[in-house]
Amino acid sequence: QTDPFARQIMMSQGTFLELLDLAARERGQRCEIELFPEGAFGPEQPDPRPVARIRLVPDATVARDALFAQIPRRHTNRSAYDLARPVPAAAWAALADAVRPNPLHFGWVGPDTADGPALLARHRAIADEAWRIELTTPRTIMESYRVLRVGAAEVAQHRDGLTVLDAKVEWLARLGLFDRAQPPAPDSYATTSQIDDFRAKLASTPGFFWMVSEGNDRATQVNAGRAYARVQLAATALGLAVHPLQQALQEYPEQAGPHAAVRALLGASEGRRTVQMWARIGQAPEVGPAPRRALADFIQAG
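Residues numbered from 1 in each chain as written. Predicted model: local features only at pLDDT ≥ 70, side-chain atom pairs only at ≥ 80, totals over all residues. Heavy atoms only, no water.

Outline the environment of Gln70, supporting the account with residue identities and numerical values.
With respect to the secondary-structure elements, Gln70 resides in the loop between strand E2 (52-58) and helix H2 (89-98). With a relative accessible area of 13%, Gln70 lands in the buried category. Ignoring sequence-local partners within four residues, the contact set of Gln70 consists of Leu233, Thr236 and Ala237. (Helix = DSSP H or I, 4+ residues; strand = E, 2+ residues; numbered from the N terminus. Buried < 20%, exposed > 50% of the residue type's maximum accessible area, 1.4 Å probe, protein only. Contact = heavy atoms within 4.5 Å.)

Break down the side chain of Gln221 for me, with residues and values.
Summarising the element assignment, Gln221 is placed in helix H8 (residues 218-237). Side chain to side chain, Gln221 and Arg218 meet in a polar contact 2.9 Å long. (Polar contact = N/O pair within 3.5 Å; in protein donor to acceptor, adjacent residues only side chain to side chain.)

Can you tell me about the sheet that holds strand E7 (residues 241-244), naming the residues and giving the values?
The strand order E3-E6-E8-E7 describes an open sheet built from four strands, whose pairing is antiparallel. Strand pairing shows two members of the sheet lacking a second neighbour, strand E3 (105-109) and E7, which therefore form its edges. Within the sheet, the average angular offset between the axes of one strand and its neighbour, ignoring direction, is 25 degrees. Alignment of E7 against strand E8 (residues 274-282), held across four bridges, turns out to be antiparallel. Directly across from Pro244, in E8, lies its bridge partner Ala279. (Pairing = 2+ DSSP bridges. Axes fitted to C-alpha atoms, helices over the stretch in contact; angles between N-to-C directions.)

Residues and numbers for the environment of Ala60, please.
Within the secondary structure layout, Ala60 lies in the loop between E2 and H2. In sequence terms Ala60 and Pro291 are 231 residues apart; their C-alpha atoms lie 35 Å from each other.

Keep in mind that these numbers describe shape and distance, not what the molecule does.
Given below as structure tokens:
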């Protein structure tokens, strides 16, 4: 529902491929990646054809990448950030450099950039409205509710999906007052508390960055994911927290307003340009890894 053209799914394939490439280099392997060896998917949805064919070749000359060391520390950080500690200029330059060799435009805004305070307010307003729309659109919130894990016991049982560890929400669920079988009312605590919480986190955010591509074909989407993985690893090395803001970038009809607004704000309202990634960034306490299922759950013998 929230990714009707599977653009974000393709980006996730790119993040996987980038981490695989970094790990292969660390082991003295050259990672030869052929994207869409049986042809690319159409513009609507993926089909059974593979995204990539990967061949690992021993190569003593392959160069290691310093970003590999950050992989165990790379976590999406949805916490409140430290508004008093903006991203340093040198850090922005390092993040822009990390995008290479992927051909995307990397942009950013902070309190020290031109018109920074006004632009930050605009970023926050668009992200806030996009989040409200996702939470109050029944078919999109239900897509999240189907994989929502409330409380430590559910998280340990499933080890996937979306996690809520708020004690009040957990008790509401135990008492049967938080029904995940139907969408909550827009004025319910389940909805308004999330809107208020996210608004506070946006207000704490000292910087935003984005990546814009000139096209939007499937290979571009995959490579945008590779670029994002590198940016997040570089941010991790610099002690910076990152939280993607995909809601306004999603292409379902209810998001048309924020989608157009963020494209205009980021210089992608005309032509073939596509905003592939938009994220908040700043200083925040480190968070631990999200729960993951076992590797064996995903590997299929050929």
